[in-house]
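# Structural overview
Each chain, letter by letter, is given below.
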Amino acid sequence: MRADSLLIVALALAAGPLAAVAPAATLIAFVVALALALGRVQARVLLIAALAFGAGGMGAHAALARYQRQWQKARSAFRQPTRCAAVARIIASPTRHGDRTSFLADLSQLECEGAAVAGLTARLHTEHHDLRRGDQLAVIAQLAPVELFRNRELPDPLPGAARRQATASGAALTAELVSRSRSLSAWIDAARNHARRAIDRSFVPAAAPLARALVLGESDLAPDDDRAFRQSGLSHLLAVSGTHLVFAVASLIGALTALLVRIERLAARVDAGRIAAAAGVPTALVYADFAGGSGSAWRAAWMLAAAYAIRALGRHARPERTLAVSLIAGVCADPLLPFDVSFLLSAAATVGLVVLGRPFGALCERIDQRVLRFVVGSVATTLSAMIPCAPLLALMSPDQTLAGVVANGLAAPIGEAVALPLCLLHPLISTIPGLGHGVALVGSGALLWVRFVAHLGASATWAAFPIPAPGAWHLAALALAVIGAWLRRPRWAWLGTGAVLLVAVELAAVRAGHPRDRLRITLLDVGQGDALLIDLPDGSLMLVDGGGTVGSPIDPGARVIAPMLRARRRKHVDIVVLTHPHPDHFGGLAGALERVTVGELWDNGQGEREGAGPVYRALLASLRQRGTRVVRPGELCGRRQFGAATVSVLAPCPDFVPGRDGNDNSIVLALALGQRRALLLGDAEREEEAELVAHHPGALAADFVKLGHHGSRTSSSPALLAAARPTHVGISCGLRNRFGHPHPETLAELRKRGIHTLRTDQDGAAFWLTDGRDVKVGVTVPRAD
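First, a word on what this report is: a plain description of the structure on this page.

Conventions used here
Residues numbered from 1 in each chain as written. Predicted model: local features only at pLDDT ≥ 70, side-chain atom pairs only at ≥ 80, totals over all residues. Heavy atoms only, no water. Phe/Tyr/Trp six-rings, centres within 6.5 Å; stacked < 30°, edge-to-face > 60°. Helix = DSSP H or I, 4+ residues; strand = E, 2+ residues; numbered from the N terminus. Buried < 20%, exposed > 50% of the residue type's maximum accessible area, 1.4 Å probe, protein only. Axes fitted to C-alpha atoms, helices over the stretch in contact; angles between N-to-C directions. Parallel < 35°, antiparallel > 145°, perpendicular 65-115°, else oblique. Left-handed = near helix turned anticlockwise from the far one by under 90°. Contact = heavy atoms within 4.5 Å. Nonpolar A, V, L, I, M, F, W, Y, C, P; charged D, E, K, R; others polar. Disulfide = S-S within 2.5 Å. Polar contact = N/O pair within 3.5 Å; in protein donor to acceptor, adjacent residues only side chain to side chain. Pairing = 2+ DSSP bridges. Expected span 1.5 Å × (residues − 1). Core = buried A, V, L, I, M, F, W, Y, C linked by side-chain atoms within 4.5 Å.

With that out of the way, let us pick up the packing of aromatic side chains. Evaluation of the coordinates by the stated rule reveals five aromatic pairs. A ring pair is formed by Trp449 and Phe452, whose centres lie 5.8 Å apart and whose planes are at 35°; its orientation type is tilted. Taken together, the positions of Trp449 and Phe452, both in helix H17 (residues 435-459) and three residues apart, correspond to about one turn of that helix. Here Phe452 falls in the partly exposed class, since its relative accessible area comes to 46%.

Look at helix H5 (residues 184-202) against helix H10 (residues 272-290): their axes get within 9 Å of each other, and the N-to-C directions meet at 55°. Taken together, H5 and H10 sit at an angle that is classed as oblique. Considering how the two elements wind past one another, H5 and H10 form a crossing that is right-handed. In contact with Ile188, Ala191, Arg192 and Ala195 of H5, H10 contributes Val286, Asp289 and Phe290. For the contact of H5 with H10, the class distribution of residues is five nonpolar, no polar and two charged.

Throughout the structure, instances matching the rule amount to two disulfides. Note on cysteine connectivity: Cys84 is disulfide-linked to Cys112, with sulfurs 2.1 Å apart. Residues Cys84 and Cys112 are joined by a disulfide whose S-S torsion is about 110°; by sign, that bridge is right-handed. You can see Cys84 sitting in strand S1 (residues 82-90) and its partner Cys112 sitting in strand S3 (residues 100-112), a full 28 residues away along the chain. For the pair Cys84 and Cys112, one class covers both residues: buried. Two residues share a disulfide in this structure: Cys637 and Cys653, whose sulfurs sit 2.0 Å from each other. Looking down the S-S bond of the Cys637 and Cys653 bridge, the torsion is -105°, so its handedness is left-handed.

This part covers the environment of Asn663. Turning to its location among the elements, Asn663 is positioned in the loop between strand S17 (645-651) and strand S18 (668-673). For Asn663, a relative accessible area of 6% gives the class buried. Put simply, Asn663 and Glu687 are 24 residues apart on the chain and 9.5 Å apart in space, counted from C-alpha to C-alpha. Side-chain polar atoms of Asn663 contact the side chain of His582, separated by 3.1 Å.

In this section: the sheet that holds S18. Ordered in space as S16-S17-S18-S19-S20-S21-S22, the seven strands form an open sheet in which the pairing is mixed. Each of the sheet's edge strands pairs with one partner strand only, and the pair in question is strand S16 (638-642) and strand S22 (756-759). Strand-to-strand twist in this sheet, taken as the mean axis angle between neighbours without regard to direction, amounts to 20°. In the sheet, strand S19 (residues 676-680) pairs with strand S20 (residues 704-706) via three bridges, with the strands oriented parallel. Of the residues in S20, the one forming a bridge with Leu679 is Val705.

Another aspect to go through is the sheet that holds strand S11 (residues 532-535). The strand order S15-S14-S13-S12-S11-S10-S23-S24 describes an open sheet built from eight strands, whose pairing is mixed. The two strands at the open ends of the sheet, each matched to only one other strand, are strand S15 (629-631) and strand S24 (775-779). Between one strand axis and the next, the sheet turns by 15° as a mean value, whatever way the strands run. Bridge count for strand S12 (residues 541-544) against strand S13 (residues 572-578) is three bridges, and the pairing is parallel. Counterpart to Leu543 in the pairing with S13 is Val576. The strands touched by helix H24 (residues 614-625) within the sheet are S13, strand S14 (597-603) and S15, with S14 carrying the most contacts at an inclination of about 135°.

Taking 1.5 Å per residue as the helical rise, helix H20 (residues 556-567) with its twelve residues ought to reach 16 Å, and the 15 Å between its terminal C-alpha atoms agrees with that figure. Restricting attention to buried positions, one finds in H20 the residues Pro556, Gly557, Val560, Ile561, Met564, Leu565, Arg566 and Ala567. Looking at where H20 begins, the residue whose side-chain oxygen comes 2.9 Å from the main-chain nitrogen of Gly557 is Asp555.

Now for the nonpolar core. Residues Phe203, Phe229, Leu234, Leu245, Tyr287 and Leu447 are the most contacted members of the largest nonpolar core, which totals 53 residues. Contributions of two or more residues to this core are made by H5, helix H6 (208-216), helix H7 (223-232), helix H8 (242-261), H10, helix H11 (295-312), helix H16 (403-429) and H17. Not counting the four nearest positions on each side in its chain, Leu234 is found in contact with Phe229, Ala407, Asn408, Ala411, Val450, Val453 and Ala454. Ranked by size, the runner-up nonpolar core spans 28 residues in total, among them Phe149, Ile561, Val576 and Leu620.

Here is the structure:
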C-alpha cells in the first residue's frame, strides 16, 4: 500500500467505533466518503477501508456490551452504597487526587454485609500512597455502582466509562498491603511515585500540580486553574503529547546514539543510529506508560515507535505512514480509543501539522523579514494544530477564544523550551543537593508563567465567542466537507457545501430544542436529585430544580443541565422553580445557570426565612444581582397562561407552613394542554399529599405524574394515586443513593395499579410529550424487558 492508502485504512478503522454510538450519522458519512473516493483511490484500498471500518465498529460494540454486562452485575449487587471486604489487585497506575490516591483494582473474595458477591473492577480512593500495579491489598471499602448520567441529547457516557473499566467505586476505609508486585509495570509505578514525591517536595505548591500533569499525566489541578487552561486553549501544554514524547525519548535516543558512535569498533561495523532507533521502540512505549498512559500519550508513542522501527530497518519514515501506524496500533490495542478526547485531539493536531503545516509553511517562507517570518511561522504552526481540533474543543467547552492564539504564542515557548525539559530532568537529579532544588525553582517559575498566561487568556472574555455544541450530524457534515475538499476539486465548492450542511443541521438542532405548540417534560438523569426541563407551547422554558448530592464532588448542574441547555440552544430560561430548599434540588442550579439568563425564580421562601445554608443564600444573591425576579407563593398560587398551556401552582398556598419539613412545603405544579395533564410533586410527602387531595381533588387528575420524594415510602399515597389516575409516572433517583429510593412498597403500589414507571436510575433521562391530544413517551436507555 502507498502511504496515503495506509492512512485511509487507518482513518476508517478509527472511525468504525463511532458507529457504535451514532450509527446513522457515522454510516452515512462513511458511505458518502467512499463514494467521493471512487476513482481517486484504488478499489482494493476502499474495500480494505470498508473492512477496517466494520472491524473497528464490531470491536467497539463488543467492548461496550462486555462493560454493560459487568456494570449491570454491579447494579444488581449494590442497591445503595454498601460496605464490602475484598482482596484488591491493582491493574492500572495509581494517580494522585488531592491528598488521596486513586487506583483501579480487580476485586476478588468480595463479601458485602455478609453476602458473597461476584468479583468486579472498582475505582478506589485511599490515603495509602506507595502503591503499584500488581500489588494486592486487603481492603474494606464503601462501594456503589458507577453513576453514568445518561441523557439522550448529550454524548453517551458509556464508552468513556468502559475505557475507565470501573463498574463500581468508593472509598477504601482500610487498605493493608498483602503482597508487593515485582513486575515491569510495578517498577514503572515505583518510578512514578519517586517523581511524584520529588515534585511535591521541591516545586512551589501552586506549580506542583502543573508539574505532575506534565510529567505524570495526572489531572489534579485546582478548579480555577483547570478552567483557565481550558478557556485559554492552553490545556495541551500540560498534556503528554507528541512534543512531550519526542523531547523526552528523542533526547534519550540521541544520547545513546552519541555514546554508540564513540565506540569505534561498533561504529565501524554497523549504523549506530539504527541500533539506537531499535532501542527507541520499547523506550517510547515504556515512557508513555510512565507518563500516565493517556490516549494522546499512546498515540504519540505508537507514532514515535513506528518512526524508530522504520529507521531501524534502514528506511525513511514519512509522517503520513507513521501517523497511520499509530492509529492502527492504538485502535487494535484499545477498540474504544477513538472515544478518548485526548487521543482525538492529539491525532487531529498531528493531521493538521502534516496537512496544513506544509502549505502554511510555504506561505511563511515568502516573508523576507526574518523576525516577522518567525512570528508568522509560529502563529501558522499554532493554527495548523488548532484548526482540526476546533470541533473537538467545542465538545469540551461552550466557548472558543481568539486570545488562544496569543496565549499560545506567549506560553508555548516557555512551556515547551523551559518548563518541559526541567520538569522531566528534575526526578533524575532530585537527590543531588542544591541542584534538584534549583531546577525545581526555575521549573516552578516557568510553570507559573504559563499559569499566569492561562488566567490572562481566560480573563479576556471580550475575545471569546460561543460555539454551539456539535452533535453527530454536525461532525459528519464537517468530515464530509474536509474529505470532499481533500479528494475532489474545486475545493471551495466542497467547503461551501459543508458550510450549507452545517447550517442545515444547526437549524434542525435549534428547532428540536425549541418545540412549539407542544408540552414537553424531560426528567433529567442527574443522579440522586430532581431536575426537569419543561418546554411550553409558546416557546418558554421552565427548569424545575437543579439536582445536587451532598458530599459529592460532581456538580449535576455543570455536568448535565448546562450541557443540556447548550445542546438545546437555550440561552435563556424563562422560569426556574426551586420546589423547596434542599441540596438535592438546588445544589446544581448555580452551575446550571452560570451561562444563561433567567427571567424568574419561583421559590417557596422557606429557605430565606428559616435558613438553608450558604449555597442557597449565594444562589439567590447571584440571581438577584443578575436581574432575576424572585417570586413567592403569595403571587404564584393560581393559574398562569403560556400559549395554549396553563401552569397552576397548587401548593404551598398561600404560603409555606412554618416549621414543617421542606419536603411537605414543596411547590406543586399542575400543567395542562388540551386534553392532557401533568402533575409535578417536588418532594411532597403524605402530609402535603393529604392537603392536595382535600383541597384540590379536581386538579390532581393527570396523565403523567412526577412522583414526590424520589419514590419513597412516605410519598405516593393510595389516595393521591387514586385522585391522579396517571398512566405514566416519573421517579428521579440515583444509583448511589443511600436511602434505597424508590422503595419496594411504592413500586408494588404502582404495579398493582398498572401504572408505567419511568426511572432515571434505570432508563436514564425520560420525556413526556403531548400536543394536547396525543402523547409520546421516550427514554434514553430502553429496558431489555
